[in-house]
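# Examining the three-dimensional arrangement
Residue strings, one per chain:
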Amino acid sequence: MKGLGATDEEMVKKHAANLDAAFAVYDGILAKQKYLAGDEITLADLFHLPYGKMVKGLGFSNIFTKYQNVNKWFDGLEARESWQKVTGGK
C-alpha cells in the first residue's frame, strides 16, 4: 500500500483474524444495543469510521457483512450526515 515492498501475506492473515475476532465481540454487543457503549453514539463509535473505511477500501468488506449487527452499525455510521460531509458522500 505504501510502496514498501511485497505484501506479507502471513501478516495480513494475522491482522484479518484479529479483526474478525474483534468483530465477533462487537456483534454480540451490538445485538443488545445500538452503539458500542450504549444507545447513544460516542467517540468509541466514531473512532472506527476512518479505519473501517480503510479496511473496506483494501478489499475486506466481507468481514463487515459476515457480522449482521456490525454491518448495520457501520452502515449507520457511514450514513451520518457529518461523515457524508467529511468524505464528500464517498
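Preceding block: the structure.
Let me begin by describing the structure that accompanies this report. (Residues numbered from 1 in each chain as written. Predicted model: local features only at pLDDT ≥ 70, side-chain atom pairs only at ≥ 80, totals over all residues. Heavy atoms only, no water.)

Turning our eyes to something else, we now look at the overall build of the chain. Looking only at helices and strands, the chain features six helices and zero strands. Reading the chain from its N end, one meets helices and strands in the order α-α-α-α-α-α. The buried share of the chain, reckoned over its 90 residues, is 24%. Roughly 6,400 Å² of accessible area belongs to the chain as shown, and the carbon and sulfur atoms make up 58% of that amount. If the 12 positive side-chain charges of the chain are averaged to one point and the 11 negative ones to another, these points end up 3 Å apart. (Helix = DSSP H or I, 4+ residues; strand = E, 2+ residues; numbered from the N terminus. Buried < 20%, exposed > 50% of the residue type's maximum accessible area, 1.4 Å probe, protein only. Areas by Shrake-Rupley, 256 points an atom, 1.4 Å probe, with all protein chains shown as cover. Lys, Arg positive; Asp, Glu negative; His and termini not counted. Charge placed at Lys NZ, Arg CZ, Asp CG, Glu CD.)

What follows covers helix α5 (residues 68-79). Taking 1.5 Å as the rise per residue, α5 with twelve residues should run 16 Å; its terminal C-alpha atoms sit 16 Å apart, in good agreement. Of all the positions in α5, only Val-70, Asn-71, Trp-73, Phe-74, Leu-77 and Glu-78 are classed as buried. Buried residues in α5, looked at end-on, bunch into an arc of 165 degrees, giving them a common side. Along α5, the residues that are exposed and aim more than 90 degrees away from the buried face are Gln-68, Lys-72 and Ala-79. Considering only its buried residues, α5 is in contact with α1 (9-30), α2 (43-46), α3 (48-57), α4 (62-65) and α6 (81-87). (Expected span 1.5 Å × (residues − 1). Arc of directions from axis to C-beta. Contact = heavy atoms within 4.5 Å.)

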